[in-house]
Amino acid sequence: MAVEEGRSLAETPSWSVATVTTFMVAVCFLVERSIHRFGKWLQRTKKKALFASLEKIREGVWLEEMGEPDSPTAQWELARS
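Each value, and the rule that gives it
Residues numbered from 1 in each chain as written. Predicted model: local features only at pLDDT ≥ 70, side-chain atom pairs only at ≥ 80, totals over all residues. Heavy atoms only, no water. Helix = DSSP H or I, 4+ residues; strand = E, 2+ residues; numbered from the N terminus. Buried < 20%, exposed > 50% of the residue type's maximum accessible area, 1.4 Å probe, protein only. Areas by Shrake-Rupley, 256 points an atom, 1.4 Å probe, with all protein chains shown as cover. Patch = residues over 30% accessible without salt bridge, like charges linked within 9 Å, V, L, I, M, F, W, Y side chains within 5 Å. Salt bridge = Lys/Arg side-chain N within 4 Å of Asp/Glu carboxyl O. Phe/Tyr/Trp six-rings, centres within 6.5 Å; stacked < 30°, edge-to-face > 60°. Lys, Arg positive; Asp, Glu negative; His and termini not counted. Charge placed at Lys NZ, Arg CZ, Asp CG, Glu CD. Expected span 1.5 Å × (residues − 1). UniProt positions renumbered as here; feature names shortened; annotations may be inferred.

What follows concerns the overall build of the chain. Helix and strand counts for the chain come out as three helices and zero strands. Ordered by position in the sequence, the α and β elements of the chain form the string α-α-α. Split into buried and exposed, the 81 residues of the chain put 9% on the buried side. Counting every atom, the chain has about 7700 Å² of accessible surface; 63% of that belongs to carbon and sulfur.

Another aspect to go through is a nonpolar patch on the surface. A contiguous nonpolar surface patch, about 540 Å² in accessible area, is contributed by Val-20, Phe-23, Met-24, Val-27, Val-31 and Ile-35. Relative to the assigned elements, Val-27 resides in helix H1 (residues 14–44). Exposure remark for Val-27: the relative accessible area of 36% places this residue in the partly exposed category.

Turning our eyes to something else, we now look at the packing of aromatic side chains. Scanning all chains against the criterion turns up one aromatic pair. With 6.0 Å between their ring centres and 20 degrees between their planes, Phe-38 and Trp-41 make a pair best called stacked. Separated by three residues within a single helix, Phe-38 and Trp-41 lie in helix H1, roughly one turn from each other.

Below, the discussion takes up a positive patch on the surface. Taken together, the side chains of Arg-33, Arg-37, Lys-40 and Arg-44 define a basic patch exposed on the protein surface. Relative to the helices and strands, Arg-37 is located in helix H1.

The final tally for this structure, using the stated rule, is one salt bridge. Across the pair Arg-58 and Glu-55 runs a salt bridge, and its minimum N-O distance is 3.1 Å. Linking Arg-58 with Glu-55, this pair stays in helix H2 (residues 48–66), spanning three residues, or about one helical turn. Arg-58 gets classed as partly exposed once you look at its relative accessible area, which sits at 29%.

With that out of the way, let us pick up H1. Here H1 is 31 residues long and its end C-alpha atoms lie 45 Å apart, about the 45 Å a rise of 1.5 Å per residue gives. Phi for Lys-46, located one or two positions after H1, is positive at around 60 degrees.

With numbering aligned to this structure, UniProt lists the feature "transmembrane region" (unreviewed entry) at residues 12–31. Secondary structure across residues 12–31 comprises 90% helix and 0% strand; the distance between its end C-alpha atoms is 28 Å.

What follows is about unusual backbone geometry. Excluding glycine, most residues fall at negative phi; most peptide bonds, likewise, are trans. In this structure, Lys-46 takes a positive phi of about 60 degrees despite not being glycine. Position of Lys-46 relative to the elements: it lies in the loop between H1 and H2.

Structure (structure tokens):
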């Protein structure tokens, strides 16, 4: 079974890279808005425990995206700049 290597990013047409990037951004935006609306619904229906859990999940996702400030790599990056 022969393994076929794909194209490098330099050889990939820019329209295809733009299409994939646009799709990923759109999906992330839809998920974020859905979570936001779900949180508003939880507040409106007074489900405090579920809303608190949702907030902790959102905070954890945000920390993963931005990098935890206590991690050694984050401290190294801050020291570098």
